[in-house]
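Per-entry structural report
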Amino acid sequence: MTHSFTETTELYNAATCLKVSTTLVSHDLFRLYDEHVKDLTRRLKDVVDVDEYANRLLGALRNFSYAFSGIPLPFGHPGVFSDELITDLRRRHELASFPSSEDRTVAENAVKLLEDLVLLCRNPLLHELKQRVGEKEVALLIAKTRHLKTLVEYLGEKLPRVRLLTPASLRKIQPIENLFLLGSPDWYPESVFSAPRYSEIHVICYQWKYRNWTPNKLFGVELEQDSSLLVRQLETLNRWSGAITRFALSDSSHDYHDEVKGRLYVLEGDQGVLLEDDESAKVYVVEPENGELTGSGPSVDRISANTLEPGMFVLLRVAGTSDYVVDVADELMGKDSEMRRAKQEHWKGLLRSKIREHGTDSLVRTLRDAGCSKANKINLQNWANARNIKTSIYNDFSAIMRILGLSERTNDYWENAEKIDSAHRSAGFQIKNRLLERVKSADLSMLNDLGYMEFELPIAGKASGKLGAFRILSISSEIHDVPYNKIAQPFILEENEWLV
Amino acid sequence: MNEIGLYFQSKTTYTTVPEWSQFLINLGRLSSQLSQSAKRKTRIGVALPTQSFAAAFVAVGVVLDASQRMKSTSVVDHFEALLRLKRGSRVRILEGDACRIGTIAGQEGEGDSRRIKVRISKGRKSCGFEWFYFGNCDGIQPVDESSTNGMAKRKRHKLSKNEIFASTLLGIDNISDFGMVSTSDCLVVTQSNRFEREVKEQFLAVRDEGGFHRGCLQDVIRVKEYLPGGHAYHTSVLTSKEMLEREFDWGKPATITVFDGALCFLKTSHLIVDSSWILLLDKSAPCTNDAVNIFMQEYLKRTGDIDSDLPKAPKGVEILGFLR
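From a predicted model like this one, the values you see are computed outputs, not experimental measurements. (Residues numbered from 1 in each chain as written. Chains lettered and ligands numbered in written order. Predicted model: local features only at pLDDT ≥ 70, side-chain atom pairs only at ≥ 80, totals over all residues. Heavy atoms only, no water.)

What to know about the packing of helix α3 (residues 52-68) of chain A against helix α4 (residues 83-95) of chain A
Residues and elements named next belong to chain A. Close contact between α3 and α4 brings their axes to 8 Å; oriented N to C, the two are set at 145°. Both α3 and α4 take part in a crossing whose hand is left-handed. Within the contact between the two elements, α3 uses Tyr 53, Arg 56, Leu 57 and Ala 60 and α4 uses Leu 85, Leu 89, Arg 91, Arg 92, His 93 and Leu 95. A per-class count over the contact of α3 with α4 returns six nonpolar, one polar and three charged. (Axes fitted to C-alpha atoms, helices over the stretch in contact; angles between N-to-C directions. Helix = DSSP H or I, 4+ residues; strand = E, 2+ residues; numbered from the N terminus. Left-handed = near helix turned anticlockwise from the far one by under 90°. Contact = heavy atoms within 4.5 Å. Nonpolar A, V, L, I, M, F, W, Y, C, P; charged D, E, K, R; others polar.)

Notes on the pairing of strand β6 (residues 259-267) of chain A
All names here are of chain A. Most of β6 sits inside the fold, with seven of its nine residues counted as buried. Relative to strand β12 (residues 466-483), β6 runs antiparallel, the two being bridged by eight bridges. In the strand pairing of β12, Glu 259 is matched with Pro 483. Pairing between β6 and strand β7 (residues 271-276): six bridges, direction antiparallel. By the bridge assignment for β7, Tyr 265 is matched with Val 273. As consecutive antiparallel partners, β6 and β7 are separated by three residues, and within that stretch Gly 269 has a phi angle of approximately 90°, a positive value. (Buried < 20%, exposed > 50% of the residue type's maximum accessible area, 1.4 Å probe, protein only. Pairing = 2+ DSSP bridges.)

What about unusual backbone geometry?
Residues and elements named next belong to chain B. Non-glycine residue Lys 11 carries a positive phi angle of around 55°. Relative to the assigned elements, Lys 11 resides in the loop between β1 (7-10) and β2 (13-16). In this structure, Phe 53 takes a positive phi of about 65° despite not being glycine. Along the polypeptide, Phe 53 turns up in the loop between β3 (42-48) and α2 (54-68). With relative accessibility at 1%, the residue Phe 53 sits in the buried group.

A short note on helix α10 (residues 288-299) of chain B
The end-to-end C-alpha distance of α10 of chain B is 16 Å, a good match for the 16 Å that twelve residues give at a rise of 1.5 Å each. Turning to α10 of chain B, its buried residues number three or more, namely Thr 288, Ala 291, Val 292, Asn 293, Phe 295, Met 296, Glu 298 and Tyr 299 of chain B. (Expected span 1.5 Å × (residues − 1).)

Regarding the sheet that holds β3 of chain B
All names here are of chain B. If you walk across this open sheet you meet the seven strands as β13-β10-β14-β15-β3-β17-β16, and the pairing is mixed. Taken across any chain shown, the strands that pair with only one partner, and hence form the sheet edges, are β13 (235-239) and β16 (304-305). Across five bridges, strand β10 (residues 186-190) lies against β13 in parallel orientation. Bridging across to β13, Thr 190 finds its partner in Thr 239. Together, β3, β14 (256-260), β15 (276-282) and β17 (318-323) form the strand contacts of helix α1 (residues 19-37), whose direction differs from that of β3 by roughly 170°.

Topic: the confidence of the model for chain B
When pLDDT is averaged along chain B, the result is 86; 91% of the residues meet or exceed 70. Here the prediction assigns the complex a pTM of 0.83, and the interface score ipTM is 0.88. (pLDDT = per-residue confidence, 0-100.)

Description of the packing of helix α12 (residues 337-358) of chain A against helix α16 (residues 410-441) of chain A
Residue and element names in this part refer to chain A. For the pair α12 and α16, interaxial distance at closest approach is 10 Å and the crossing angle is 120°. Between α12 and α16, the crossing angle belongs to the class labelled oblique. Read as a crossing pair, α12 and α16 show a hand that is left-handed. Together, Arg 340, Arg 341, Lys 343, Gln 344, His 346 and Trp 347 of α12 and Asp 412, Tyr 413, Asn 416, Ala 417, Lys 419, Ile 420 and His 424 of α16 make up the contact between the two elements. Residues of the contact of α12 with α16, tallied by class, amount to four nonpolar, four polar and five charged. (Parallel < 35°, antiparallel > 145°, perpendicular 65-115°, else oblique.)

So, the pairing of strand β2 (residues 138-141) of chain A
All names here are of chain A. Taking every second residue as pointing to the same face, both faces of β2 are buried, with Val 138 and Leu 140 on one and Ala 139 and Leu 141 on the other. Traced from β2 through helix α7 (residues 148-158) to strand β3 (residues 162-165), the parallel crossover comes out right-handed. Pairing geometry for β2 and strand β4 (residues 176-182), over two bridges, is parallel. Within β4, the residue paired with Leu 140 across the bridge is Phe 180. (Right-handed = clockwise from strand over helix to strand, strands pointing away.)

Overview of the interface of chain B and chain A
Of the residues lining the interface, 46 residues belong to chain B; the matching set on chain A comes to 35 residues. Counting the surface lost from both chain B and chain A, the interface buries some 3,500 Å², and carbon and sulfur atoms represent 63% of this. The tally of links from chain B across to chain A stands at three salt bridges. A salt bridge links Arg 171 of chain A to Asp 282 of chain B; its shortest N-O distance comes to 3.2 Å. At the surface where chain B touches chain A, the tally comes to nine residue pairs in polar contact (both at pLDDT 80 or more). (Buried area = accessible area lost by both parts, 1.4 Å probe. Salt bridge = Lys/Arg side-chain N within 4 Å of Asp/Glu carboxyl O. Polar contact = N/O pair within 3.5 Å; in protein donor to acceptor, adjacent residues only side chain to side chain.)

Concerning the packing of aromatic side chains
Per the stated rule, a full pass over the model turns up 35 aromatic pairs over all chains. Taken together, a centroid distance of 4.9 Å and an interplanar angle of 45° make the contact between Phe 5 of chain A and Phe 203 of chain B tilted. Pair noted here: Phe 5 of chain A is in helix α1 (residues 5-16) and Phe 203 of chain B is in the loop between α6 (194-200) and β11 (204-208), and the two residues belong to different chains. Each member of the pair, Phe 5 of chain A as well as Phe 203 of chain B, is classed as buried. Centre to centre, the rings of Phe 64 of chain A and Phe 81 of chain A are 5.0 Å apart; their planes meet at 85°, and the pair counts as edge-to-face. Here Phe 64 of chain A is found in helix α3, whereas its partner Phe 81 of chain A is found in the loop between α3 and α4, with 17 residues between them in sequence. Just as Phe 64 of chain A is buried, Phe 81 of chain A falls in that class too. Ring pairing ties together the aromatic residues Phe 30, Tyr 33, Phe 64, Phe 68, Phe 75, Phe 81, Tyr 206 and Trp 208 of chain A, which thus form one cluster. Lys 144 of chain A extends its terminal NZ or CZ atom over the ring of Trp 187 of chain A, reaching a point 4.3 Å from the ring centre. (Phe/Tyr/Trp six-rings, centres within 6.5 Å; stacked < 30°, edge-to-face > 60°. Lys NZ or Arg CZ within 6 Å of the ring centre and 35° of its normal.)

Here it is, written out as structure tokens:
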């Protein structure tokens with residue numbers, strides 16, 4: 001959505017005379033709980049080799065504080081904090097070892113306070129919001145977007161006149177009169193206040209969370225110190241390194257030969273995804289109606305991951321395996337799919353064994369001697385990989401078969417690979433068409449407002465083909481070595497900075 | 001105060017364009033003036049509440065200033081230049097408030113009676129010739145070959161669709177020079193087709209004794225890519241993708257390059273070093289901070305300051321300028 005001249009003038013006016021009002025709410029029990037969690041965090045922060053149960057307990061306590069300090073849901077809402085997790089807290093506490101008995105006491109008190117809050121249920125943020133919602137639609141901005149789906153469902157039922165927005169969605173909305181903002185102003189990007197799309201902001205925040213905040217000038221950094229710019233860049237880069245490492249290594253069974261270069265894309269909803277940093281790696285993107293790029297109706301495109309930009313909506317599998325092209329291709333191959341995949345895996349498995357036995361460099365030399373013109377380290381690793389279907393040249397494939405002792409099956413395996421390749425191409429075409437149908441029939445206003453939306457895409461007659469369209473918030477410049485099975489799988493980015 | 005003399009249509013009336021539009025036009029003007037007088041290139045960064053219409057109005061300011069300096073070449077030099085054109089070269093021929101495209105068919109005569117023969121197509125099967133002497137050669141201008149794609153040779157086209165609008169805004173009586181001669185005053189690097197919609201939207205007007213006369217920004221800035229082939233232009237537009245993907249023949253760089261947004265700047269600023277910059281940033285856009293970081297690294301290498309020369313920014317807008 002682009003702005004007309006009149007709307008543009010309204011935006012400039014809003015930037016010059018924005019009114020901000022603040023309502024601070026109190027909650028003695030929640031405040032006490034928060035203090036206990038901060039205390040426990042401080043106590044365990046500098047301890048080397050913190051006990052795993054203590055760590056997990058602390059993580060759960062912090063998540064509770066993080067979630068409910070900025071979203072209008074009853075304390076302990078199961079969509080955010082499951083009943084099983086609450087029950088499990090006691091067990092974690094019992095099993096945990098703490099550096100001192102005082103630490104244990106602090107942790108026990110925090111768990112007790114959490115249980116009391118859940119019993120109490122009532123969240124003053126929600127109560128304050130309910131009082132403000134009258135007959136007109138109310139726009140509500142939240143900084144904590146991890147539980148968007150739960151929020152949408154809950155508010156849709158309890159407060160249907162609340163229009164939920166995230167900071168990244170503000171840029172393109174049409175000018176509105178009022179915006180309600182939950183939490184402390186310093187949780188939000190400065191542009192919420194410096195480039196407003198509204199005349200008034202009403203801040204609703206817990207008293208002890210509120211930080212008085214003054215916007216900085218964009219060009220007003222310490223102008224003579226280029227080191228401050230460098231530090232800012234490094235902080236951005238390092239912020240998610242821990243989360244990436246934890247996610248990438250969470251499954252130790254992967255084959256290290258199957259690692260690729262991946263780049264982190266930070267998504268709406270406190271999520272991230274690692275996408276392959278390769279020209280040939282493609283993803284689907286959705287452009288909502290009247291997008292800036294096309295100016296026409298909604299569209300679906302398949303583009304190189306390297307051309308993604310912040311603000312775009314990338315489609316990722318949220319249920320089922322990450323590679324829906326494979327699933328659709330199998331559907332197209334029908335009853336032959338299992339046989340064809342097995343044949344494919346047969347020669348690839350043998351090739352991987354050869355690599356382990358002889359080493360990549362030696363095998364490359366052997367393949368070249370056998371007449372494989374494109375044999376090099378990268379190609380060899382690709383050919384051994386399940387996601388690469390075949391060599392581009394028959395003679396190269398023939399050389400591989402010869403090395404593997406499968407010469408007599410060369411034609412059979414080549415034809416098999418071509419069938420799979422053809423099925424993959426058709427699958428790509430079908431997926432795009434199916435997606436486009438779904439996108440065109442969907443109400444994409446939610447996608448613009450919340451930066452996230454799910455699409456059901458039946459695959460092989462099952463409802464397992466659930467795709468999510470995620471707004472990209474930022475793109476890391478760092479490249480990581482990532483197991484291929486972790487590519488294109490959204491994961492939660494740990495967010496600790498809300499616990500001030 | 002409506003120093004620009006520009007109005008916009010608001011429901012059923014015309015209202016003076018707001019302060020932010022006037023600021024952007026003045027910014028374009030000043031930047032163009034500074035780039036003439038300063039020996040080094042200017043770098044100006046502006047942070048705005050929205051990207052909408054920013055590049056369009058800045059481009060207007062640049063072209064308004066540059067048009068004041070369109071040199072009147074001496075008739076002698078102009079005629080000699082025409083004589084040097086090769087056979088088959090395309091030329092624009094002024095016909096009142098319109099022009100037509102012709103091709104050089106040769107030269108005739110000697111000394112003071114030299115004349116240039118121009119072939120003109122006037123219909124499907126008809127063509128004719130016209131001759132231009134020293135005395136009437138100001139009615140013919142060479143066409144920049146880079147703008148000849150899609151050119152309709154036969155068609156006679158008006159120099160400007162909204163001539164009163166354009167000439168009033170430009171402050172000139174006769175639009176023929178402006179409409180006949182191409183110049184590279186401004187290059188706009190943008191990501192989207194928003195810019196095209198903004199410059200073509202007919203919501204503006206100027207006022208004279210006859211009342212309000214409508215027009216659009218394209219009437220003034222004349223973006224080459226939005227004009228039929230052969231029309232004189234003063235602005236070019238490129239997407240960052242085009243700049244990166246193809247081998248771009250820069251020729252003479254534009255005087256001013258306007259980066260319409262953070263992403264354009266991040267992707268292409270390293271390609272544009274021989275032009276003064278105006279970087280327009282939407283405070284609410286992603287990557288704005290990254291663009292500011294790069295811009296500030298330029299600032300740290302500045303060779304002079306120009307803050308005192310810059311127009312006063314309206315509230316909510318930040319501006320920083322320097323020399324490189």
